[in-house]
Structure formats: structure tokens, C-alpha cells
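# Report on the structure
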Amino acid sequence: MSVMEIRQRRQYGLGALYLGIFATIWFSVPAADQPLRGVLVAGSLAALLTAVGGGVVTARSRGTDAGPRDRAGDRRYLLIVVAEFALAGIGAAALAAAGGSEYVPVLVCAVVGLHFFPLVPLLGDPLLRPLGFAMCAVALAALVTGLATAVSAGLVVGTGAGLLLLGYALRSLVRALAG
């Protein structure tokens, strides 16, 4: 296996690991009654298993010679994630102070969606762009639903974001195992 193939396999493994973990978290956001609660638990378990699979692929790729790390890329990635957490944290605090804490998951989902856009060139994965758009669309749908109906915004955003991230994590795991 070439250095590029090892790096790509490791990147897909990391994608499955990270997005599987975050899908698990998103599935746990909404409070739901049966039968939806059972579906959310099943989605959470599937996401957790996907994350474990990604972790195994990543661990197996670690011992191979993948060449030197891209320190500049690592710093850009860290900067994007720090900016994401800062924006989400400041926005969540502002929403909570304004009495809108029920919409914090909506804001976080939108920020997560937006953070995928600068990751496209960094990770070389153009499919992060439609994932970012879809996450932002889920956030908008959750906001509209929460404002216009009795359905909680958290239920919409937790279910939608969980499904999107699980789908992408599964895609990453399949690509890692195929490569």
C-alpha cells in the first residue's frame, strides 16, 4: 500500500471515528417518546459501532509508514475547530441569556454545518460541502419547526444531524475498508 493510500485510509478511518461519535451525541439530544426513542437509540448504537470501526481502521493505519505529518494542516484544522467551538459557545451563552436555550442545538448544528466548508480544501474531501449545506438545512428546518409548531427544535435537529453524520461516517468507514 502506498503512502497516499495509507494516509487516505487513515483519514477515512478518522472520519468514521469522529463523525460516528458526534452522530451518537446528536441522537442523544432530543427527548422523545416511543417509538421514536427506540429509533434514536438504534441510530446512536449504529453510530457508536461505526465510530469503533473507524477507530480500529485508524489504529491499524497508525503503525504503518504514512510519512511525515502535515503540521501546517494540523494547525489549520485545530484553528477551524477552535473557532467552531468558540462561536458555538458564545452563541449558546447569548441564546441562553436571552431565554432561548431551547434553540441552542439549532445554533450548534448550523455552526457545525458551517465548519465543514473550510475543511473541504484542508481534507481534500468535496463531499463535506453538501454535508455542510445539509446540516445548515437541518438547523433551518428545526428553527422553523420549533417556532411554528409544537414539535421541539431539538427533536428535529438531533434526529436530522444524527442521521446526516451517521450516513457520512458509514460512507467513510466503507471507503476505509475498501481501500
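The preceding data block contains the structure.
One pass over the structure, following the stated rule, counts 1 salt bridge. D125 is paired through a salt bridge with R171; the nearest N and O atoms lie 3.8 Å apart. Here D125 is found in the loop between α4 (104-123) and α5 (128-148), whereas its partner R171 is found in helix α6 (residues 153-178), with 46 residues between them in sequence. Exposure class is identical for D125 and R171. Each is buried.

Our focus in this paragraph is unusual backbone geometry. Of note, the bond from Q34 into P35 is cis; its omega dihedral lies within 30 degrees of zero at 5°. Mapped onto the secondary structure, P35 falls in the loop between α1 (3-27) and α2 (36-62).

On to the side chain of R10, then. Inspection of the secondary structure puts R10 in helix α1. No salt bridge is formed by the buried R10; its nearest oppositely charged neighbour, D74, is found at 7.2 Å. Apart from residues lying up to four places away in sequence, R10 is in contact with T58, S61, R62 and R69.

Moving on to the nonpolar core. With 29 residues, the main nonpolar core has L19, C109, F116, L128, L131, M135 and L165 as its most contacted residues. Taken together, the elements giving at least two residues each to this core come down to α1, α2, α4, α5 and α6. With 8 residues, the top contributor of residues to this core is α6. Ignoring any residue separated from it by four or fewer positions in sequence, one finds C109 in contact with W26, M135, V138, A139, V157 and A161. Core analysis: the next-biggest nonpolar cluster, separate from the first, contains 5 residues, Y12, A16, L173 and A176 among them.

Rules behind the numbers
- Residues numbered from 1 in each chain as written.
- Predicted model: local features only at pLDDT ≥ 70, side-chain atom pairs only at ≥ 80, totals over all residues.
- Heavy atoms only, no water.
- Salt bridge = Lys/Arg side-chain N within 4 Å of Asp/Glu carboxyl O.
- Helix = DSSP H or I, 4+ residues; strand = E, 2+ residues; numbered from the N terminus.
- Buried < 20%, exposed > 50% of the residue type's maximum accessible area, 1.4 Å probe, protein only.
- Lys, Arg positive; Asp, Glu negative; His and termini not counted.
- Contact = heavy atoms within 4.5 Å.
- Core = buried A, V, L, I, M, F, W, Y, C linked by side-chain atoms within 4.5 Å.

Shape is all these values report; function is a separate question.
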